[in-house]
Amino acid sequence: MHWAKTQSRARFNLATSGVGTFPLAELVCAPGELESDGANPYGYAPLQQAIARKCGVDPDCVVAAAGTSMANHLAMAALIDPGDEVLIERPAYELIVSTALYLGAAVKRFPRTEESGYALDPGEIRRAITPKTKLIVVTNLHNPSSVLTPDSVLREIGDMARGVGAYVLVDEVYLDAVYQNTPQTAYRLGPEFIVTNSLTKVYGLSELRCGWILAHPELARAMWRLNDLFGVNAARPAELLGVAAFQQIDRIRERARQIVEADRALLDEFLAGQPALSATRTGFGTTAFVRLRTGDVERFLMRLRTDYVTSVAPGRFFEMPSHFRIGMGVNSAMFGEGLRRLGLTLST
Ligand SMILES: Cc1ncc(COP(=O)(O)O)c(C=O)c1O
């Protein structure tokens, strides 16, 4: 995250993970609502309802949080005690692993291999799970590969978790970047499923920090109480803008979709002409994970940045140092030129 905040930017920035910023000025909210009478101490009711409606769940299952980041932290803090065994996919979004470690979990990893196209393999979880396992954490879509896990596989993992009294935390921050036949949230698959999400990556509304957890009501109440130690309340202006965003959520997503899909077409064409690169391709998501077949990736990325002012996310942040991640959905002219420069770096 520190690298993303301080070093990822470049003139041709392909180191992104979410779509470009949606203009907040296009979100209309009533200034009168800014005053709070303190009537909603555990969640601003209109926002709770908007999130619940979008996810097809009851508002009692929704815990609002500052982005998926805080949602993940809060969910894990509520679900695990120090020393508890937590299984996390590899490669993973680094902050999921470090949050679990920060909470004192005994973290075990299970692989999603490049050979199997980063598919989530229940067999790997079966090998890793023990009676001491308290939580299994996956991303869907997978960061970095954007691979989608079908409900049938998630159900199998849920069955295994239930067998040992564990929960499954599914981070769905990229799921709505499946633009056709968008899957429903895994929350509805059973009480062992806890889901986190936000309007950050697919909707370009990172600034709002509008995130949430879906958990069954008893657990949701425990999370709200735990949040009294963390954030207590959200910023009211952000809550209002969040409600305004949900009022035009389809338009916001559609705007982003057009850019993501244009970028994906450019990427497909680029990768088809680059035998030096190997990539797991998906028809959805805002990122692609690419391997440099030969050579030193760090040196390659250094040349890409210094000679061609272009950045991508290094695979070392995903414990995959031969790889790098390309982000789509910000600006297709910039994206196309960034790819061209990637090609030039490969050929010189
Ligand atoms: C899998 C995953 N979860 C959570 C986050 C953080 O999301 P947010 O900006 O909503 O806190 C990221 C950001 O890259 C991510 O990749």
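This is a predicted model, so every value here is computed, not measured.

Engineer: Please set out the sheet that holds strand β9 (residues 277–279) residue by residue, giving values where relevant.
Structural biologist: Spatially, five strands are ordered β1-β11-β12-β10-β9 in an open sheet, and the strand pairing comes out mixed. Here the strands that pair on one side only, and so sit at the sheet edges, are β1 (12–14) and β9. For this sheet the average axis-to-axis angle between neighbouring strands, irrespective of direction, equals 35°. One ladder, built from three bridges, connects β1 with strand β11 (residues 310–314); its direction is parallel. Within β11, the residue paired with L14 across the bridge is V312. In the packing of helix α10 (residues 297–308) onto the sheet, contacts are made with β1, β10 (287–292), β11 and β12 (323–327), and the angle to β11 comes to roughly 155°.

Engineer: So, the sheet that holds strand β3 (residues 85–90): which residues are in play, and what are the values?
Structural biologist: The mixed open sheet is built from seven strands, whose spatial order is β2-β8-β7-β6-β5-β3-β4. The sheet is open, and its two edges are formed by β2 (62–66) and β4 (106–111), each paired on a single side. Between one strand and the next, the sheet's axes are offset by a mean angle of 20°, whatever the strand orientation. Across four bridges, the pairing between β3 and strand β5 (residues 133–139) is parallel. Considered in β5, the bridge of I88 is made with V137. Sitting on the sheet, helix α4 (residues 94–102) is in contact with β3, β4, β5 and β6 (167–171), with an inclination near 155° to β4.

Engineer: Can you explain unusual backbone geometry? Please cite residues and give values.
Structural biologist: Residues N140 and L141 are joined by a peptide bond in cis, for which omega reads 0°. Of note in the backbone geometry, S146 takes a positive phi value of approximately 70° without being a glycine. Within the fold, S146 resides in the loop between β5 and α6 (151–164). We classify S146 as buried; its relative accessible area is 2%.

Engineer: Explain the nonpolar core to me, using residue names and the numbers behind them.
Structural biologist: Within the largest apolar cluster, 58 residues are counted, with the highest numbers of intra-cluster contacts made by L27, I136, L199, L205 and F246. Per-element accounting of this core gives the leading share, six residues, to helix α8 (residues 236–247). Not counting the four nearest positions on each side in its chain, L199 is found in contact with G204, L205, S206, C210, W212, A245, F246 and I249.

Engineer: An account of the pairing of β5 is requested, with residue identities and associated values reported.
Structural biologist: When you tally the buried positions in β5, you get six out of seven residues, the bulk of the element. Pairing geometry for β5 and β6, over five bridges, is parallel. Residue pairing in the sheet places V137 in a bridge with L169 of β6. As for the winding sense of the linkage, the β-α-β connection from β5 through α6 to β6 is right-handed.

Cut-offs used in this document
Residues numbered from 1 in each chain as written. Predicted model: local features only at pLDDT ≥ 70, side-chain atom pairs only at ≥ 80, totals over all residues. Heavy atoms only, no water. Pairing = 2+ DSSP bridges. Helix = DSSP H or I, 4+ residues; strand = E, 2+ residues; numbered from the N terminus. Axes fitted to C-alpha atoms, helices over the stretch in contact; angles between N-to-C directions. Contact = heavy atoms within 4.5 Å. Buried < 20%, exposed > 50% of the residue type's maximum accessible area, 1.4 Å probe, protein only. Core = buried A, V, L, I, M, F, W, Y, C linked by side-chain atoms within 4.5 Å. Right-handed = clockwise from strand over helix to strand, strands pointing away.

Scope: geometric values only; no functional claims are made or implied.
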